[in-house]
Amino acid sequence: MEECQRLTDILGRYEAVSGQAINRQKTSLFFSKNTRQEVKLEIQQMLGGRIMNECEKYLGLPMPSGKSKVGTFKELQEKISKRVLGHGRRNLFQRRDGRS
């Protein structure tokens, strides 16, 4: 809780100096599975936001969980592969003058 209070103080200073504020409605808190429920709730009260229970995405990327990074990023790898293959097909069927 002491560390959480320090973080709250730092964020408050940042907000005061920069003029920017953290949007608590968009804030998500992710805890280790070993964190006790009462600790999670105390931190949530201090920082605001919601507690994430499942592995969700952050900035469009999956949050790594567990030891297997391959499974975590499989969906991203598939999206990239589809785009690369689609881009290649478009170029394959273009004429030399640039028209399809």
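Reading the values: rules and limits
- Residues numbered from 1 in each chain as written.
- Predicted model: local features only at pLDDT ≥ 70, side-chain atom pairs only at ≥ 80, totals over all residues.
- Heavy atoms only, no water.
- Helix = DSSP H or I, 4+ residues; strand = E, 2+ residues; numbered from the N terminus.
- Buried < 20%, exposed > 50% of the residue type's maximum accessible area, 1.4 Å probe, protein only.
- Contact = heavy atoms within 4.5 Å.
- Core = buried A, V, L, I, M, F, W, Y, C linked by side-chain atoms within 4.5 Å.
- Arc of directions from axis to C-beta.
- Expected span 1.5 Å × (residues − 1).
- Salt bridge = Lys/Arg side-chain N within 4 Å of Asp/Glu carboxyl O.

**So, the overall build of the chain**
Piece 1. Assigned secondary structure in the chain consists of four helices and four strands.
Piece 2. Counted from the first residue to the last, the chain has its helices and strands arranged as α-β-α-β-β-β-α-α.
Piece 3. Expressed as a percentage of its 100 residues, the buried residues of the chain come to 12%.
Piece 4. The long-range share in the chain, meaning contacts at least 24 apart out of those at least 6 apart in sequence, stands at 24%.

**Looking at the nonpolar core**
Piece 1. Core analysis: the largest hydrophobic core is formed by six residues, namely C4, L29, F31, I43, L47 and I51.
Piece 2. Not counting chain neighbours up to four residues away, the residues in contact with C4 comprise I43, M46 and L47.

**Focus on the environment of L7**
Piece 1. Here L7 is to be found in helix α1 (residues 2-18).
Piece 2. Taking the relative accessible area as the measure of exposure, L7 reaches 39% and is therefore partly exposed.
Piece 3. C-alpha separation for the pair L7 and L47, spaced 40 residues apart in sequence, amounts to 8.8 Å.

**A few points about helix α2 (residues 37-47)**
Piece 1. What α2 keeps buried is the set K40, I43 and L47. Buried residues in α2, looked at end-on, bunch into an arc of 70°, giving them a common side.

**A short note on α1**
Piece 1. The terminal C-alpha atoms of α1 lie 24 Å apart, and with 17 residues this matches the ideal 24 Å at 1.5 Å per residue to within 8%.
Piece 2. Downstream of α1 by one or two residues, G19 has phi in the positive range, about 80°.

**Examining the side chain of T27**
Piece 1. Mapped onto the elements of the fold, T27 is located in the loop between α1 and β1 (28-30).
Piece 2. Discounting residues that sit within four places of it in the chain, T27 has contacts with I22, G48, G49 and R50.

**A few points about the pattern of salt bridges**
Piece 1. Taken as a whole and judged by the stated rule, the model has three salt bridges.
Piece 2. E2 serves as the salt-bridge partner of R6, at 2.5 Å between the closest nitrogen and oxygen. With R6 and E2 both in helix α1 and four residues apart, this pair spans about one turn of that helix.
Piece 3. Residue R6 is classed as partly exposed on the basis of its relative accessible area of 47%.
Piece 4. Here R24 ties to E15 by a salt bridge, and the two come within 4.0 Å at their closest N and O atoms.

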